[in-house]
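Structural overview for review
Each chain is listed here by its residues.
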Amino acid sequence: MVFVSSLTPPEPPKTTALQNLVAQPHRLFFFTGVVQGVLFVALLGLHYAGLLSLHVSVGLYHAYAMTFIVFTQFFAGFLLTTFPRYLSRPSASPKGYLPIAWLINGGGLLFIALSFVSEMALVAPMLVIVAGYVKLCLLLLEFQTKSTVSNKDDTTWMLRAFALGLVGQLLFIADLFIPSYAIALGVSFYLYLFFIVLIVSQKMMPFFAANTIIGYTMNKSKHFLLLVFVALILKVILEALSMNAFVADSALFGIITYELLKWRLPFRKSPAILWVLFLSIWWVPVGFGLFVVQDFSALVGHSIYLEKSPLHALALGYFTTVLVGFGTRVILGHSGRTPKADAYAVTLFGLIQAMALIRIIAGIFPQFGYLHAVLTVAVLWIVIFGLWSKRYIHILFEK
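Overview of the structure. The structure presented is a predicted model; accordingly, all values stated were derived computationally and were not measured. (Residues numbered from 1 in each chain as written. Predicted model: local features only at pLDDT ≥ 70, side-chain atom pairs only at ≥ 80, totals over all residues. Heavy atoms only, no water.)

For side chains bearing opposite charge, pairing can occur when the charged atoms are close. Scanning the model with the defined rule gives 7 salt bridges in all. Salt-bridge contacts for Arg359 lead to Glu307; the nearest nitrogen and oxygen are separated by 3.0 Å. Taken together, the residues Arg359 in helix α13 (residues 343-364) and Glu307 in the loop between α11 (283-299) and α12 (309-333) connect sequence positions 52 residues apart. Of the two residues, Arg359 and Glu307, neither departs from the other in class, the shared state being buried. The residue Arg391 makes a salt bridge to Asp342 at a minimum N-O spacing of 2.7 Å. Taken together, the residues Arg391 in helix α14 (residues 370-392) and Asp342 in the loop between α12 and α13 connect sequence positions 49 residues apart. (Salt bridge = Lys/Arg side-chain N within 4 Å of Asp/Glu carboxyl O. Helix = DSSP H or I, 4+ residues; strand = E, 2+ residues; numbered from the N terminus. Buried < 20%, exposed > 50% of the residue type's maximum accessible area, 1.4 Å probe, protein only.)

What follows deals with the layout of surface pockets. Approximately 740 Å³ is the volume attributed to the largest pocket. Lining the largest pocket are 27 residues, with Tyr86, Asp154, Lys203, Met204 and Phe207 sitting closest to its centre. Of all elements in the fold, only α3 (58-86), α6 (153-175), α7 (181-212), α8 (224-240) and α12 reach the threshold of two or more residues within the lining of the largest pocket. Here the residues of the lining of the largest pocket sort into 12 nonpolar, 8 polar and 7 charged. (1 Å grid on protein atoms, 1.4 Å probe; cavity = no way out; pocket = protein on both sides within 12 Å on 5 of 7 lines; lining within 4 Å. Points joined across faces, edges and corners; volume = space filled by probe spheres on them. Nonpolar A, V, L, I, M, F, W, Y, C, P; charged D, E, K, R; others polar.)

Pairs of packed helices are described in terms of their axes, by the angle between the two and the distance that separates them. Packing of helix α2 (residues 25-48) against helix α4 (residues 94-114) leaves a shortest axis separation of 11 Å and a crossing angle of 5°. Taken as axis vectors, α2 and α4 run roughly parallel relative to one another. Within the contact between the two elements, α2 uses Pro25, Leu28, Phe29, Thr32, Gln36, Leu39, Phe40 and Leu43 and α4 uses Tyr97, Leu98, Ile100, Ala101, Asn105, Gly108, Leu109, Phe111 and Ile112. Taken together, the residues of the contact of α2 with α4 sort by class into 13 nonpolar, 4 polar and no charged. (Axes fitted to C-alpha atoms, helices over the stretch in contact; angles between N-to-C directions. Parallel < 35°, antiparallel > 145°, perpendicular 65-115°, else oblique. Contact = heavy atoms within 4.5 Å.)

Laid out in structure tokens, this is it:
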């Protein structure tokens, strides 16, 4: 006699939205990066508008927070997802990355609160953030050391950039006791943030093109990253010594422009999700081109002061476009959706370009409403990430 069980298999346990959020590193870090980015920019805008008063220098608040609390989280989410793939290793586990998120975001919220107290009070949250950052570096290093793949060139460069990011954070902390802001900003912005974005760009953009566009072949220079790295070190040293960086900026402009022309990225043949990324990297020659104009004018005795326009060409034009472009691609791809940029997404990318242009023009022509332009940029940042969140953030909470 055969007995047929009437019992049905138990249903798998249901997961909550919060459990889904922390299940993958890109979900958690993209979400917290957006929240922190909107918070920091909103408070900065309110400070400029005179509606509240920060008790710390705007330079420290803006540069440190955006570099190590906001942008770092987005690229932590991206790299903790892709690093294992680069190195043929298992994915990062929540046990490995959750403490990083707690430390960076806990330190970030404390950083905001103590910004209304004093600069010296920021030592505590900065040390908490450093602890999270060190854990992030060690996790990435673990992937590297346990990997048996033969080609680790790009990941090695990434780890060097992350190591220099740690140096930059320590220099920012030291600046609270001994003036070292110029070198702290230089190391953090160029040798860490800019360099890590460039490493990812030169690895992924030609790769995406080659895998999407029939007939396209990658044509990258072997020593591109080394040449850029040396030129960046020279720029940081010259600016830290308050010397003219014309040689370094010209080298960076020439090396990077030549390399981009050599890649021949196929704008016209590419879908929107790709050509917006290709567009983003051309902000790099714009940024260093502005630096060259500023440097050369000073050399010939007719100084043209561009304020922070060259920096914002890189930070808003390049970093933010890449951030939203890669972020959109990863969110869609890892949720089983086809990575694409429809009219809604393209509009967001267009707003980012407008935001970058407004901030650049404000620095070049400050006499034409500098403060209003800065406040407009702050509002646009919040609007852009609000609209981006409206379309994509809910996906991070799905199973």
